[in-house]
Amino acid sequence: MAKIFCVANQKGGVGKTTTTVNLAAGLAKLGQRVLMVDLDPQGNATMGSGIDKRELELSVYDVLLESASIEEARVTSQKLLDAGCSFDVLGANRELAGAEVELVGLERREKRLRAALAEVDAQYDFVLVDCPPSLSLLTLNGLCAAHGVIVPMQCEYFALEGLTDLVNTIKRVHANLNPDLKIIGLLRVMFDPRITLQQQVSEQLKDHFGDKVFDTVIPRNVRLAEAPSYGLPGLAFDASSKGAQAFVAFAQEMVDRIQRWS
Ligand code: ADP
Ligand code: MG
């Protein structure tokens, strides 16, 4: 049975895609079978996983509109195979922006991804879904399919404010569409311990959310920012970098948490 996690936060540029791609690579490195689903029409997670979004023959768009299955649409990158951290990718590109409009009139519109994932459930240990920076129908498809939400956040002054909307949305989805859904944890990303404010916000988060805050902290690390321009996760680009190592630690923390669940 695959454990399905959405990486969500309605703010842009907070590290969702970096978290999705690098956690996928970290889990793969630990021997887990991973599917990464890109639900953002920008296709950054697709590109960052070694797949050219412009060359996708089938994508998550086709899966949501039920003109293809995940088995037909998923791809893998040779670059990641070579680096020993390969995972399957259900990619996205600009076409996905249209899905929002096309889905509105259709039945089960928010449960399309959930239904498609059920068919490949036995083939994976983890499914990670990279959500767009909105609480749209696409994000809703992710939340309806998931067992839990991973929320990457920067330890900045307004971080907690944005969280309220997300928490309310998750509560609504939990109540109306997906009783399995819960916040698995808050992941502190782009962390710079030299900045006092970041330390203070980090402490506030722990006071407020307790063990919902992951132990692993992802540091601000330039190698993580450089890797996408080579179409690689940090782990495949520079495995020895602090950023890549932090994501391997985070992957291990996720594996440990899952074991405690079952
Ligand atoms: P989102 O998907 O939430 O929009 P991204 O993952 O694309 O956010 O990250 C936004 C920007 O910050 C990107 O340029 C990315 O490379 C950079 N970034 C993300 N995490 C880190 C990090 N830990 N250290 C340095 N740069 C990072
Ligand atoms: Mg993104």
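In the block above lies the structure referred to throughout.
Presented here is an overview of the structure given in this document. Keep in mind the model is a prediction, meaning the values are calculated, not measured. Along each chain, residue indices are assigned from 1 in the same order as the chain's sequence is written. Just so you know, chain letters begin at A and ligand numbers begin at 1, following the order they were written in. Per-residue local features are limited, in this predicted model, to residues with pLDDT of at least 70; the limit for side-chain atom pairs, both in listing and counting, is 80 or more; totals at the level of whole chains, interfaces and linings are taken over all residues. Calculated side-chain values reflect all of the structure's heavy atoms, with hydrogen atoms and water omitted.

## Comments concerning the packing of helix 6 (residues 96-104) against helix 8 (residues 137-145)
Applicable threshold: Angles here are taken between N-to-C directions and fall from 0 to 180 degrees, while the axes themselves are lines fitted to C-alpha atoms, restricted in helices to the stretch in contact. Helix numbering and strand numbering both begin at the N terminus, where a helix is a DSSP run of H or I of at least 4 residues and a strand a DSSP run of E of at least 2. Should an angle fall under 35 degrees it is taken as roughly parallel, and over 145 as roughly antiparallel, whereas 65 to 115 is taken as roughly perpendicular and any remaining angle as oblique. Throughout, a residue-residue contact means that at least one pair of heavy atoms, one from each residue, lies within 4.5 Å. Each residue is assigned to one of three groups, with Ala, Val, Leu, Ile, Met, Phe, Trp, Tyr, Cys and Pro labelled nonpolar, Asp, Glu, Lys and Arg labelled charged, and all others, Gly among them, labelled polar.
Direction vectors running N to C along helix 6 and helix 8 enclose 80°, while the axes themselves pass 9 Å from each other. In terms of orientation, helix 6 and helix 8 fall into the roughly perpendicular class. Of the residues in helix 8, those in contact with Leu-96, Glu-100, Leu-103 and Val-104 of helix 6 are Leu-137, Leu-138 and Asn-141. Its residues assigned to classes, the contact of helix 6 with helix 8 comprises 5 nonpolar, 1 polar and 1 charged.

## Digging into the site of ligand 1
What counts, and what does not: Any residue with a heavy atom positioned within 4 Å of a molecule or strand is treated as near that molecule or strand. In protein, a polar contact means a hydrogen-donor-capable atom and an acceptor-capable atom, both N or O and within 3.5 Å, with residues adjacent in sequence counting only if both atoms are side-chain atoms; elsewhere, any N or O pair within 3.5 Å suffices. The accessible surface values rely on the Shrake-Rupley method and a 1.4 Å probe; as for residues, cover is taken only from the protein chains in view.
Taken together, the neighbourhood of ligand 1 is formed by 14 residues, with Gly-13, Lys-16, Thr-17, Thr-18 and Asn-221 sitting nearest. Note that an oxygen atom of ligand 1 is positioned 3.1 Å from one of the backbone N or O atoms of Val-14. Contact between ligand 1 and Asn-221: a nitrogen atom at 2.8 Å from a main-chain N or O atom of the residue. Protein contacts shield 77% of the accessible area of ligand 1, which totals 560 Å² for the unbound molecule. If you list the elements that add at least two residues to the shell around ligand 1, you get helix 1 (16-29), strand 7 (213-219) and helix 11 (222-226). For the shell around ligand 1, the element with the highest residue contribution is helix 1, accounting for 3 residues.

## Here's the deal with the pairing of strand 4 (residues 126-130)
Put simply, the test is: We call a residue buried when its accessible area falls under 20% of the maximum for its residue type, exposed when it is over 50%, and partly exposed in between, using a 1.4 Å probe and counting protein chains only. When DSSP finds two or more bridges between a pair of strands, those strands are recorded as paired.
Burial analysis of strand 4 places 5 of its 5 residues in the buried class, the great majority of the element. Residues Phe-126, Leu-128 and Asp-130 point to one face of strand 4 and Val-127 and Val-129 to the other, with burial holding for every one of them. Examined bridge by bridge, strand 1 (residues 3-7) and strand 4 share 5 bridges and lie parallel to one another. Paired with Phe-5 across the bridge in strand 4 is Leu-128. Where strand 2 (residues 34-38) and strand 4 come together, 5 bridges link them in parallel fashion. Residue pairing across strands places Met-36 opposite Leu-128, the latter belonging to strand 4.

## What to know about the packing of aromatic side chains
We apply this condition: Two rings from Phe, Tyr or Trp (for Trp, the six-membered ring) form a pair when their centres are within 6.5 Å of each other. A pair whose planes differ by under 30 degrees is stacked, one over 60 is edge-to-face, and the rest are tilted.
Under the defined criterion, the tally for this structure stands at 3 aromatic pairs. Measuring from centroid to centroid gives 6.1 Å for Phe-5 and Phe-126, while their planes differ by 35°, and the two rings are tilted. You can see Phe-5 sitting in strand 1 and its partner Phe-126 sitting in strand 4, a full 121 residues away along the chain. In this pair, the class of Phe-5 matches that of Phe-126, namely buried.

## Considering the pattern of salt bridges
In a structure, side chains of opposite charge can pair up when their charged atoms sit close to one another. Here is the rule we go by: Salt bridges are identified by distance alone: a Lys or Arg side-chain nitrogen within 4 Å of an Asp or Glu carboxyl oxygen.
Taken as a whole, this structure holds 10 salt bridges when the rule is applied. In this structure, Glu-226 and Arg-223 form a salt bridge, with 2.8 Å as the shortest nitrogen-oxygen distance. In this pair, Glu-226 and Arg-223 are both assigned in helix 11, 3 residues apart and thus about one turn of the helix distant. You can call Glu-226 partly exposed: its relative accessible area is 28%. A salt bridge links Glu-253 to Arg-257, with the nearest nitrogen and oxygen atoms 3.6 Å apart. Here the residue Glu-253 and the residue Arg-257 both occupy positions in helix 13 (residues 242-261), the gap between them amounting to 4 residues, near one helical turn.

## Structural notes on the environment of Leu-23
You can see Leu-23 is positioned in helix 1. When the C-alpha positions of Leu-23 and Met-254 are compared, they lie 9.1 Å apart, and in sequence the two are 231 residues distant. Those residues in contact with Leu-23, other than ones at most four positions away along the chain, are Leu-128, Ile-150, Phe-247, Phe-250, Ala-251 and Met-254.

## Some remarks on the pairing of strand 6 (residues 182-191)
On a regular strand, one side chain projects to one face of the sheet and the next to the other, so that they alternate. How we decide: The definition of a right-handed crossover adopted here requires that, viewed with the strands pointing away, the path from the first strand over the helix to the second runs clockwise.
Across the 10 residues of strand 6, 8 count as buried, placing the element largely inside the fold. Taken together, strand 5 (residues 148-153), helix 9 (residues 159-176) and strand 6 form a β-α-β motif whose crossover is right-handed.

## A few points about the sheet that holds strand 1
On the basis of which strands lie adjacent, the open sheet formed by 7 strands has the order 3-2-4-1-5-6-7 and parallel pairing. Each edge of the open sheet is held by one strand with a lone partner, namely strand 3 (88-90) and strand 7. Pairwise comparison of adjacent strand axes, ignoring direction, gives a mean angle of 25° for this sheet. Note that strand 1 and strand 5 share 3 bridges and pair parallel. Bridging across to strand 5, Phe-5 finds its partner in Gly-148. Against the sheet, helix 10 (residues 196-209) contacts strand 5, strand 6 and strand 7, and its axis sits at roughly 170° relative to strand 6.

None of the figures reported here should be taken as evidence of function without further support.
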